[in-house]
Amino acid sequence: MRTTTTPPRAERRLGMLDVLRLFAAVTVVAFHYTARHSPGWNGPVPEELAGVGQWAAYGRMGVPLFFVISGFVLLMSAWGRDVRGFVASRVGRLFPAYWVAVAFSVVLVVVIWPENPAFLGHEVTTSGALLNFTMVQGAFGVPDVDGPYWTLWYEARFYLLIALFMMVGITRNRVLAFCALWPVLGAMAHGTGSGLLSAFLMPDYAPFFAGGMLLYLIHRDGHDLGSWLLVGLQVSIALNFSMNVYPGVLGAETPWTPSKAVIAIVSLACFGLVALVTLTPLAARSAGWMTVAGALTYPVYLVHENLGWWVIHLTRGALGPWGAVALATAVAFAAAFALHYGVEKPYGGRLRQATLRMLSRPEERRTQRPAGDAAGAAGPAEVTPAPRGTGIPVHREPAADRRTADHRGPDRRAADHRAADHRAADHRAADRAVGSRPAGGRPAGSGPAADPGRSAAGRHAERRSSRLARPGQDDEDPATVVFPPELPEPRDSALTGPQLLR
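Residues numbered from 1 in each chain as written. Predicted model: local features only at pLDDT ≥ 70, side-chain atom pairs only at ≥ 80, totals over all residues. Heavy atoms only, no water.

Along the chain, A336 falls in helix α13 (residues 288-359). For A336, a relative accessible area of 0% corresponds to the buried category. For the pair A336 and H304, spaced 32 residues apart in sequence, the C-alpha separation works out to 8.3 Å. Residues in contact with A336, not counting those within four places in the same chain, are L296, P299, V300 and V303. (Helix = DSSP H or I, 4+ residues; strand = E, 2+ residues; numbered from the N terminus. Buried < 20%, exposed > 50% of the residue type's maximum accessible area, 1.4 Å probe, protein only. Contact = heavy atoms within 4.5 Å.)

With that settled, the discussion passes to the nonpolar core. One finds Y98, F158, W182, V274 and L302 to be the most contacted residues of the largest nonpolar core, which totals 88 residues. At 11 residues, helix α3 (residues 62-78) tops the list of elements feeding residues into this core. If near-sequence neighbours (up to four positions away) are discounted, L302 is found in contact with A97, Y98, A101, D146, Y149, L152 and L339. W41, L108, V300 and W309 belong to the second largest nonpolar core, which has 16 residues in total. (Core = buried A, V, L, I, M, F, W, Y, C linked by side-chain atoms within 4.5 Å.)

Below, the discussion takes up helix α11 (residues 225-253). In a regular helix each residue adds 1.5 Å, so 29 residues correspond to 42 Å; α11 covers 40 Å between its end C-alpha atoms and thus fits that length. When the local axis directions of α11 are compared, the greatest deviation, roughly 35°, occurs at V245, which is followed within four positions by the proline P247. Sitting at the amino-terminal end of α11 is D224, which places a side-chain oxygen 3.2 Å from the backbone nitrogen of G226. (Expected span 1.5 Å × (residues − 1). Bend = angle between axes of the 7 residues up to and from the residue. Polar contact = N/O pair within 3.5 Å; in protein donor to acceptor, adjacent residues only side chain to side chain.)

The next thing to look at is the side chain of T355. For T355, the position within the fold is in helix α13. The exposure class assigned to T355 is buried, which follows from its relative accessible area of 6%. Setting aside residues up to four positions removed in sequence, T355 forms contacts with A88 and V91.

Okay, here's the thing in structure tokens:
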């Protein structure tokens, strides 16, 4: 097993992984429309759908496929990033579309179609509906207003684990150790009745997330036997879970008795498909439509269940089973397009920026400007650490001034350049005057180390950029500012930013 790490690298878009995400969403849609007992059909699906439905029933296992993909993508997104940026990107990605979908579902199942929650055996209260907007309703035992939302509580806990991992520092060896221990410790917590730890570690779906993380590590660093053995560990744990859980779940939610062999194959395919599209030449495939497919996955997942069941409920008599399913699918994808282009694209970035400002320190927030503000507002001066051995902070002009210098008029630029020339000349004259004066009886030009009696102010200089004097020229000949000896400083003290500006 390797013990070294590789530096972060720019990740290319994995188009086939986007396609796989949409495929997982479509399998879940097929399960809900053609296999599951639902209020749309007011019970089991019609016999006309049995030929497809008995296979679409395994589409319920599109959820663990999503979790493997999430393990891969979340580790890829988190590696080399700061926690604030990661949190802001997740908030901006998840919540705008989610809030709109929750609002629609609340209106639909509470006001328009209350038979929906009645069929499913739960009541949607006002407080429960409001709590659904937080995405943490699962922690309080509050029913989801739309069935697929239960998976988002798992995703949120995985995001928390990744954020904590980022605080510690993500390295290759830590990922290997984390993935090896996480499902095992989760199972131990569940077996000992530790409810809090079990809820945090999610022992049921932990191997799917961890397997995705390991596949990303192989994608990032290359194949090795140890990493594949750990993938095999996750696959075996996940297979054990699937074989114990899904036969009963599918038997209760569909009219058919599921095949354990098919469940085993689908469970293995959750890992195999992600490996196929990320570790083979398929990983190089990319196209614009693939990006669109990936972007539509989340909105489709959010809106398809209640909306599609409602359409089926309204049209099954007039259009027949297959006509109702086709129309429900079309309406769900149309709503997903509207949600993506009408909500996610215009508001996701804004919420991300707002989250970044919220998580910034107070002094950083004062310098941040909301998107859309006029460019060119002066920012704070930059003071960088001193060059090694000088103890002198370097004062740089405000970033906004550098950014807008090219937008000044020609007369203003010429005046600035003349003023900079005069300042540079004054600085050189000061250099010559100080350099020619003996200091403490020693020859001019003796260094501070040779002249301990020389004033601290005479030893400190600020190297200031000459860019303003000669635009476009590099700083190969920066001017030197010598501070006058009548401003004494304690011996060996370094000047601070305000002292440099006096």
